[in-house]
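Inside the fold
Below, each chain spelled out in residue letters.
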Amino acid sequence: MAKKKNKTKLIITLILVSLAAYAVHHFGLAKYFSRENLDLLQNWINDFGIMAPIIYIGLWVAACVFFLPGLPVAILGGLVFAPLPAVIYASLGSTLGATAAFLIGRYAARDLVEGWKQNNKHVQKIDDGVKKNGWRMLLLTRSVPVFPFNLQNYVYGLTDISLPMYFFVSWVTMIPGTVAYVLMASALASGESPMQILIYIAIAGVLIVLLSLIPKFIQKSDMVEDVEVDEG
């Protein structure tokens, strides 16, 4: 009986996701999720006026759930909003999007994600790593590009990690990258002095460098056990 219920839930989820994906591509929305078309998306967001932050956060959720690239959305925030609001909206949107995918993987599309785990060695590493290291595995994989961000969100739904812990660690680990890309976009979009622009770019550069050092620090410390990460 439980199996039948799970299959029904999976079928309904797949239908809804397929319809949403079809709508995204049919109405031409997918083309906006690229660096080349950021100007089009920027104008579209601005047209919503005071509702723009809500629409922007919704774009983040859609990007996470439908495997769309998040970098253009992060850059978009820096182009449309002032730096501080942009960081807040991007941080909130990316965390809510990651959490939405996590919940889909845990409750609605569990059988589908289980299939991914059986056929993908990186997914299996995540599952094994969480069993050994708990939330520290999430801390590691958020910093290593070999583990695709959108895929992680679904896969962690299969693990034993709790929802509050997943939400908190995801939020904290995504902040440096969010701040870096938003500040870089803000620097390019602002009409401020060259010195201010250089400060934005410098802060973003430092954050990106620190982000790249996190995986090596974690692996050299005693934070995780028996987890090998091949970044090549």
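The structure contained in this document is the topic of the report that follows. (Residues numbered from 1 in each chain as written. Predicted model: local features only at pLDDT ≥ 70, side-chain atom pairs only at ≥ 80, totals over all residues. Heavy atoms only, no water.)

**Digging into the overall build of the protein chain**
Scanning the protein chain from N- to C-terminus turns up 11 helices and zero strands. Reading the helices (α) and strands (β) of the protein chain from amino to carboxyl end gives α-α-α-α-α-α-α-α-α-α-α. The buried share of the protein chain, reckoned over its 232 residues, is 41%. For the protein chain, restricting intrachain contacts to residue pairs at least 6 apart in sequence, the fraction spanning at least 24 positions comes to 75%. Summing over all exposed atoms, the protein chain offers an accessible surface of approximately 12500 Å²; the carbon and sulfur share of this is 67%. (Helix = DSSP H or I, 4+ residues; strand = E, 2+ residues; numbered from the N terminus. Buried < 20%, exposed > 50% of the residue type's maximum accessible area, 1.4 Å probe, protein only. Contact = heavy atoms within 4.5 Å. Areas by Shrake-Rupley, 256 points an atom, 1.4 Å probe, with all protein chains shown as cover.)

**Topic: the packing of helix α3 (residues 52-65) against helix α5 (residues 83-108)**
At a minimum axis separation of 8 Å, α3 and α5 run at an interaxial angle of 40°. Classified by the angle their axes make, α3 and α5 are oblique. Remark: the crossing between α3 and α5 carries right-handed chirality. Across from Pro53, Tyr56, Ile57, Trp60, Val61, Cys64 and Val65 in α3, the residues of α5 making contact are Tyr89, Ala90, Leu92, Gly93, Ser94, Leu96, Gly97, Ala98, Ala100, Ala101 and Ile104. (Axes fitted to C-alpha atoms, helices over the stretch in contact; angles between N-to-C directions. Parallel < 35°, antiparallel > 145°, perpendicular 65-115°, else oblique. Left-handed = near helix turned anticlockwise from the far one by under 90°.)

**Some details on the packing of aromatic side chains**
Across all of its chains, the model carries seven aromatic pairs by this definition. When the centroid spacing of 4.9 Å and the interplanar angle of 75° are considered together, the rings of Phe81 and Tyr89 count as edge-to-face. Look at Phe168 and Trp171: their rings are 6.1 Å apart centre to centre, the planes differ by 50°, and that puts the pair in the tilted class. Taken together, the residues span about one helical turn, with Phe168 and Trp171 both in helix α10 (residues 163-189) at a distance of three residues. (Phe/Tyr/Trp six-rings, centres within 6.5 Å; stacked < 30°, edge-to-face > 60°.)

**Details of the nonpolar core**
Core analysis: the biggest nonpolar cluster contains 22 residues, and Ile126, Leu138, Val155, Tyr156, Ile161 and Tyr166 have the highest contact counts within it. Mapped onto this core, the elements with two or more residues apiece are α5, α7 (121-133), α8 (135-141), α9 (149-155) and α10. Formed by 20 residues, the second largest nonpolar core is a distinct cluster that contains Tyr56, Leu68, Leu76 and Ala90. (Core = buried A, V, L, I, M, F, W, Y, C linked by side-chain atoms within 4.5 Å.)

**Points about the side chain of Arg106**
Position of Arg106 relative to the elements: it lies in helix α5. Buried charge without a partner: Arg106 forms no salt bridge, and the closest opposite charge is Asp160, 6.3 Å away. Apart from the residues within four sequence positions on either side, Arg106 is in contact with Tyr156, Gly157, Thr159, Asp160, Ile161, Ser162 and Leu163. (Lys, Arg positive; Asp, Glu negative; His and termini not counted. Salt bridge = Lys/Arg side-chain N within 4 Å of Asp/Glu carboxyl O.)

**A few points about unusual backbone geometry**
When glycine is set aside, most residues are seen to have a negative phi, and most peptide bonds are trans. For Phe67, which is not glycine, the phi dihedral falls at a positive 60°. Considering the arrangement of structural elements, one finds Phe67 in the loop between α3 and α4 (71-80).

**Let's talk about the side chain of Asn153**
The residue Asn153 is located in helix α9 in this model. According to the relative accessible area criterion, Asn153 is buried, its value standing at 0%. Here Arg142 takes part through its side chain, which lies 2.9 Å from a polar atom of the side chain of Asn153. A polar contact of 2.8 Å, which involves the side chain of Asn153, links it to the side chain of Tyr166. When sequence neighbours within four positions are dropped, the list of residues in contact with Asn153 reads Cys64, Ala98, Ala101, Phe102, Arg142 and Tyr166. (Polar contact = N/O pair within 3.5 Å; in protein donor to acceptor, adjacent residues only side chain to side chain.)

**Re the environment of Leu59**
Tracing the sequence through the fold places Leu59 in helix α3. Here the alpha-carbon distance between Leu59 and Ser94, two residues 35 residues apart in the chain, equals 9.2 Å.

**Comments concerning the environment of Ser91**
Inspection of the secondary structure assignment puts Ser91 in helix α5. Along the sequence, Ser91 and Ile175 sit 84 residues apart, while their C-alpha atoms lie 6.3 Å from each other. Within the structure, the side chain of Ser91 is placed 3.0 Å from the side chain of Trp171, a separation counted as a polar contact.

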